[in-house]
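A closer look at the structure
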Amino acid sequence: MTVNLEVADGVGTIRLDRPPMNALDVATQDRLRELAQEATDRDDVRAVVLYGGEKVFAAGADIKEMQAMDHVAMVERSRALQDSFTAVARIPKPVVAAVTGYALGGGCELALCADYRIAGDNAKLGQPEILLGLIPGAGGTQRLSRLIGPSRAKDLIFTGRMVKADEALTLGLVDRVVPAAEVYEQAHAWAAKLAQGPAVALRAAKEAIDQGLEADIDTGLALERTWFSALFATADRETGMRSFVEEGPGKAKFA
């Protein structure tokens, strides 16, 4: 398999495994969508790590495969391409990308689907599609602009240039830079901590933020209000408030 899901201690690791560069061909895209749905459905997965291995996250699409496609073929394929990445973005659980080496084109777009990005000091990210006479097609024009702002996104997309980890951190493209050998360990620790949290409240927070960003402020506030009220019906809310009153903050243990 070109993508695998490994689960331990509440954390599901979606691991790209297509040496040498984890090129995202059609089969890999489809498998990614399947595993994103599996991670969504499985109760034993409470947080997710996206990982490409020690040397490379994902160097982008399989260019040789794409070269053989004409306009009609890509019209038929482009929706499935986007749907695969959207399935990752819509996993209703905390998702962290553990980025080592290259995260280019589709690889960068996959990292953008995570809630948080931890990069190794050897990471290089970018959207080089313009150098092929193309634009990003797996969400890059939309997610990158929302993450770092339109002018910075245009700089990266218009030029196709790669940015090293330190500049990616300055741009807000990644959230933390660590030694390359520690990337997966730190990403897993981030996910494992959240895997012990209140699952329904975490889902509510993610949906309120993500869906609220796509709407006007009043709609976003209504969504927040609905989720906030709904959480008063959960066992986790009872556990969290009882623990706060009896033991103080931050000591609740959620099922």
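Thresholds applied
Residues numbered from 1 in each chain as written. Predicted model: local features only at pLDDT ≥ 70, side-chain atom pairs only at ≥ 80, totals over all residues. Heavy atoms only, no water. Core = buried A, V, L, I, M, F, W, Y, C linked by side-chain atoms within 4.5 Å. Buried < 20%, exposed > 50% of the residue type's maximum accessible area, 1.4 Å probe, protein only. Helix = DSSP H or I, 4+ residues; strand = E, 2+ residues; numbered from the N terminus. Patch = residues over 30% accessible without salt bridge, like charges linked within 9 Å, V, L, I, M, F, W, Y side chains within 5 Å. Areas by Shrake-Rupley, 256 points an atom, 1.4 Å probe, with all protein chains shown as cover. Salt bridge = Lys/Arg side-chain N within 4 Å of Asp/Glu carboxyl O. Pairing = 2+ DSSP bridges. Axes fitted to C-alpha atoms, helices over the stretch in contact; angles between N-to-C directions. Contact = heavy atoms within 4.5 Å.

Points about the nonpolar core
Leu50, Phe57, Leu125 and Leu173 are the most contacted members of the largest nonpolar core, which totals 45 residues. For this core, the leading source of residues is helix H3 (residues 71-89), giving 5 residues. The next biggest cluster of nonpolar side chains, apart from the first, holds 13 residues, and it includes Val49, Tyr51, Ala98 and Ala195.

Re a nonpolar patch on the surface
Taken together, the side chains of Met21, Tyr102 and Met162 present a nonpolar region at the surface, about 250 Å² in accessible area. Inspection of the secondary structure assignment puts methionine 162 in strand E8 (residues 162-164).

Things to note about the environment of glutamine 186
By the secondary structure assignment, glutamine 186 is in helix H8 (residues 183-195). Separated by 90 residues in the primary sequence, glutamine 186 and valine 96 have C-alpha atoms spaced 10.0 Å apart.

Considerations on the sheet that holds strand E5 (residues 102-104)
The strand order across the open sheet formed by 3 strands is E5-E7-E8, and the pairing between neighbours is mixed. With partners counted over all chains shown, the strands left at the sheet margins are E5 and E8, one partner each. Adjacent strand axes in the sheet meet at a mean angle of 20 degrees, parallel and antiparallel pairs treated alike. Direction of pairing for E5 relative to strand E7 (residues 124-126): parallel, over a ladder of 3 bridges. Across the sheet, the residue bridging to leucine 104 is glycine 126, located in E7.

Looking at the environment of phenylalanine 85
You can see phenylalanine 85 is positioned in helix H3. Considering only alpha carbons, one finds phenylalanine 85 and glutamate 109, 24 residues apart in sequence, at a separation of 7.8 Å. In this view, phenylalanine 85 contacts Leu24, Gly106, Glu109, Leu110, Cys113, Ala138 and Arg143; residues no more than four positions away in its chain are not counted.

Just distances and angles here, no functional claims.
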